[in-house]
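Below, each chain spelled out in residue letters.
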Amino acid sequence: MTGWLWTLVMIQMAMGAFDTLYHHEGTERLAWRASQRIELMLHGVRNLLYALLFLALGWTEPRGVWAIALIGLLLVELFITLWDFVEEDRSRALPATERVTHTLLTLNYGVILALLVPLLAGWAGDPTAMPPARHGWLSWACTIGAAGVTIFGLRDLAAARRAPRLAEADPANLASALLDRHSILITGGTGFIGRRLVAALAAAGHDPIVLTRDPKSAALPAPARLFARLDDIPSHCRIDAIVNLAGEPISDAPWTRRKRQRILRSRLVLTHDLRRLIARLDRKPEVFVSGSAIGIYGMRDATPLTEADGGTPCFSQRLCAAWEAAAKEVEPLGVRLVALRTGLVLAAEGGMLARMLTPFEFGLGGRFGHGQQVMSWIHRDDIVRLIVHAIATPSIAGPLNATAPTPVTNAEFTAALGRALRRPAILPVPSAPLRTMLGDFAHELLLSGQNVLPRAALDSGFAFAYPTIAEALDIIVGNRRPARPDFAQTEAVREEAILRTAA
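Notes on the structure follow. Predicted model, so just to flag it, every value in this text is computed and none were measured. (Residues numbered from 1 in each chain as written. Predicted model: local features only at pLDDT ≥ 70, side-chain atom pairs only at ≥ 80, totals over all residues. Heavy atoms only, no water.)

## Some details on the overall build of the chain
Let me state the cut-off plainly: Counting from the N terminus, the helices are the DSSP runs of H or I reaching at least four residues and the strands are the DSSP runs of E reaching at least two. Throughout, a contact is declared for two residues whenever any of their heavy atoms are within 4.5 Å. Each accessible area is a Shrake-Rupley result for a 1.4 Å probe, and residues are judged covered by the shown protein chains and nothing else. All tallies of charge rest on Lys and Arg as positive and Asp and Glu as negative; His and the ends of each chain are not included. Note on charges: their place is set at NZ of Lys, CZ of Arg, CG of Asp or CD of Glu.
What the chain contains, in helices and strands, is 16 helices and 13 strands. Here the C-alpha coordinates of the chain stretch approximately 90 × 50 × 45 Å along the principal axes. Considering only contacts in the chain between residues 6 or more positions apart, those separated by 24 or more positions represent 81%. When the accessible surface of the chain is totalled, it reaches about 22200 Å², and 62% of it is carbon and sulfur. Put simply, the chain has 52 plus and 46 minus side-chain charges, and the middle of one group is 2 Å from the middle of the other.

## Quick look at the environment of aspartate 19
Defined as follows: Any N or O atom pair separated by 3.5 Å or less is treated as a polar contact, with the protein-specific requirement of one donor-capable and one acceptor-capable atom, and with residues adjacent in sequence counted only for side-chain atom pairs.
For aspartate 19, the location among the structural elements is in helix α1 (residues 3–27). Here the alpha-carbon distance between aspartate 19 and proline 127, two residues 108 residues apart in the chain, equals 38 Å. Apart from residues no more than four positions distant in its own chain, aspartate 19 is found in contact with His24, Glu98, Thr101, His102 and Leu105. A distance of 2.9 Å separates a polar atom in the side chain of aspartate 19 from a polar atom in the side chain of histidine 23.

## Some words on the packing of α1 against helix α4 (residues 96–124)
Stated formally: As a rule, the C-alpha atoms of each element are fitted with a line to give its axis, helices using only the stretch in contact, and angles between N-to-C directions run from 0 to 180 degrees. Reported orientations rely on four angle classes, namely roughly parallel under 35 degrees, roughly antiparallel over 145, roughly perpendicular from 65 to 115, and oblique for the rest. Here is the rule for handedness: rotate from the far helix to the near one, and if that takes an anticlockwise turn smaller than a right angle the crossing is left-handed, while a clockwise turn gives right-handed. Ten residue types, Ala, Val, Leu, Ile, Met, Phe, Trp, Tyr, Cys and Pro, are classed as nonpolar, four, Asp, Glu, Lys and Arg, as charged, and the remainder, Gly among them, as polar.
Between α1 and α4, the shortest axis-to-axis distance is 9 Å and the interhelical angle comes to 150°. Between α1 and α4, the interaxial angle falls into the category roughly antiparallel. Of the two elements, α1 crosses α4, and the hand of that crossing is left-handed. When the residues that make up the contact of α1 with α4 are grouped by side-chain class, the tally is 15 nonpolar, 8 polar and 2 charged.

## Overview of the sheet that holds strand β11 (residues 398–402)
Going by this rule: Only strands joined by at least two bridges in the DSSP assignment are considered to pair.
Pairing in this open sheet of 7 strands is parallel, and the strands run β3-β2-β1-β4-β5-β7-β11 from one edge to the other. Looking along the sheet, the strands with just one partner apiece sit at the ends: β3 (225–227) and β11. Each adjacent strand pair in this sheet contributes to an overall mean axis angle of 20°, direction not counted. Note: strand β2 (residues 207–211) against β3, 3 bridges, orientation parallel.

## A look at the packing of aromatic side chains
As a reminder of what qualifies: Think of it this way: a Phe, Tyr or Trp ring, Trp meaning its six-membered ring, pairs with another when their centres are within 6.5 Å, and the plane angle makes it stacked under 30 degrees, edge-to-face over 60, tilted otherwise. To sort residues, take the accessible area from a 1.4 Å probe on protein chains only and compare it with the maximum for the residue type: under 20% means buried, over 50% means exposed, and anything in between is partly exposed.
For the coordinates displayed, the defined rule picks out 8 aromatic pairs. Their ring planes at 55° and their centres at 5.3 Å tell us that phenylalanine 152 and phenylalanine 362 sit as a pair that is tilted. With phenylalanine 152 in helix α5 (residues 137–162) and phenylalanine 362 in the loop between α9 (351–361) and β9 (374–375), this pair connects stretches of sequence that are 210 residues apart. The exposure class assigned to phenylalanine 152 is buried, which follows from its relative accessible area of 18%. Between tryptophan 255 and phenylalanine 441, the ring centres sit 5.8 Å apart and the planes meet at 85°, which makes this aromatic pair edge-to-face. Of this pair, tryptophan 255 sits in the loop between β4 (241–244) and α7 (257–280) while phenylalanine 441 is found in helix α13 (residues 440–446), placing the two residues 186 residues apart along the sequence. Residue classification places tryptophan 255 among the buried positions, given a relative accessible area of 7%. The exposure class of phenylalanine 441 is buried, given its relative accessible area of 8%. Through successive ring pairs, a cluster of aromatic residues spans Trp255, Phe315 and Phe441.

## With respect to the pairing of β4
Selection criterion: The crossover handedness rule: strands pointing away from the viewer, path from first strand over the helix to second strand clockwise, crossover right-handed.
Here β4 shows a buried face lined by Ala241 and Val243 and a second buried face lined by Ile242 and Asn244. Summarising the sheet, strand β1 (residues 183–187) and β4 pair through 4 bridges and their orientation is parallel. Looking at β4, one finds that isoleucine 186 is bridged to valine 243. Bridge count for β4 against strand β5 (residues 287–293) is 4 bridges, and the pairing is parallel. Paired with alanine 241 across the two strands is valine 287, which belongs to β5. In this region the chain leaves β4, passes through α7 and returns to the parallel neighbour β5; the handedness of that crossover is right-handed.

## Concerning the pattern of salt bridges
What counts here: Take a side-chain nitrogen of Lys or Arg and a carboxyl oxygen of Asp or Glu: if they are within 4 Å of each other, that pair is a salt bridge.
Taken as a whole, this structure holds 29 salt bridges when the rule is applied. Notably, a salt bridge pairs lysine 259 with aspartate 252, separated by 2.7 Å at the nearest N-O pair. Classification of lysine 259 by relative accessible area gives buried; the value is 2%. Using a relative accessible area of 48% as the deciding quantity, one classes aspartate 252 as partly exposed. It is possible to trace a salt-bridge network through shared partners that takes in Glu28, Arg33, Glu39, Glu88, Arg92 and Glu98.

What follows is the structure in structure tokens.
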């Protein structure tokens, strides 16, 4: 093989690794999307073919029938790639960087074929043999590449088999607490929680109205109505409730000064804009569910906390306090306010858990720091149900903790995730590097915690479908299918949580 051909093969390996790690595992998380079963199957088969190709090119010079077989492998890989293009366009919207990467991979592969196929065709005329060949470090690079694509190929095939078990519960059941048809404005309706809320409302026969920056690219179910600006909503529009979930992501980057300003400004400006919208509507909404977070309690470790407790000073506490204060401006307009204090929301599609699944699935997970920080969590379907419950229950007003009734320590959480995935979770992440790289972000979100109990939700009669971490994780990773809540069990959990709060 010529130097040019080896260069192109190494480039193909590097671009393929980037595509797999950054797109398939990092941003798109294909292995945990029920809709991508066929794509995962194609990726798995193609990766195993690549493993054979890398090993054959790295250590041998295939002659005769072996050369013909390798040409056939290349043609099969080309067919799978074309099929993969069709499946990707059918099943998901590719980000721009992935489209560019795929284009470069295709062009580079075309040049490789143009150089490699004539070489193999020449070898095909020789007697059948597979003499060994050594190419120095290139042979070892091919070995490493073969090992990598084999691991991810087998994983993708296993994920394809798992995909049907990842199907979520019927979204219509999540909005069953709303009996009459409601028109509900949702900000952040294309986000992690908002998209599921919109799906639930639409499936249950309600009228979601979604504020989104780009209505044309927001793939939301009918009959959702999309607006790019609040000013575009006419004053005569009927809005029975508003759910404000929008804001600059808080956990996607270190908290630089500019990042903190964006986090705070995005929440306050939109909340004030929503207050102005309410003021000009001919008919005021009945309730305003405003986003907040359990960060309002500050760093409180294991102390049990309810909606009646205050907070200790930190950035998260100041942010949430300012956000809730801004939301209170709707109360003089005669609108019931619910401040939704959200904990760690769990689902495979986003949030902190989505970033943990891949390392834990490969046996590379473990506790953060000492692991004794308390994590107050909630399954995404339960927070959607709780939002609907808050809209439907006039007695709920003021702070509402959106957390499951059984908080766990970080060590308990990571051990439960390891058990759900049937993997060890014994590789701790030291606190010092986290603090050095992420500063207050790591201190407040990863290495500290709050033991938050949902007293207001339980007192209002809300029953959690997933009250324990084992139940939630088993559903999320596909160990069992979603089911309707076991209300006898959740009532027992409710009583236990109330007793813990009283103590």
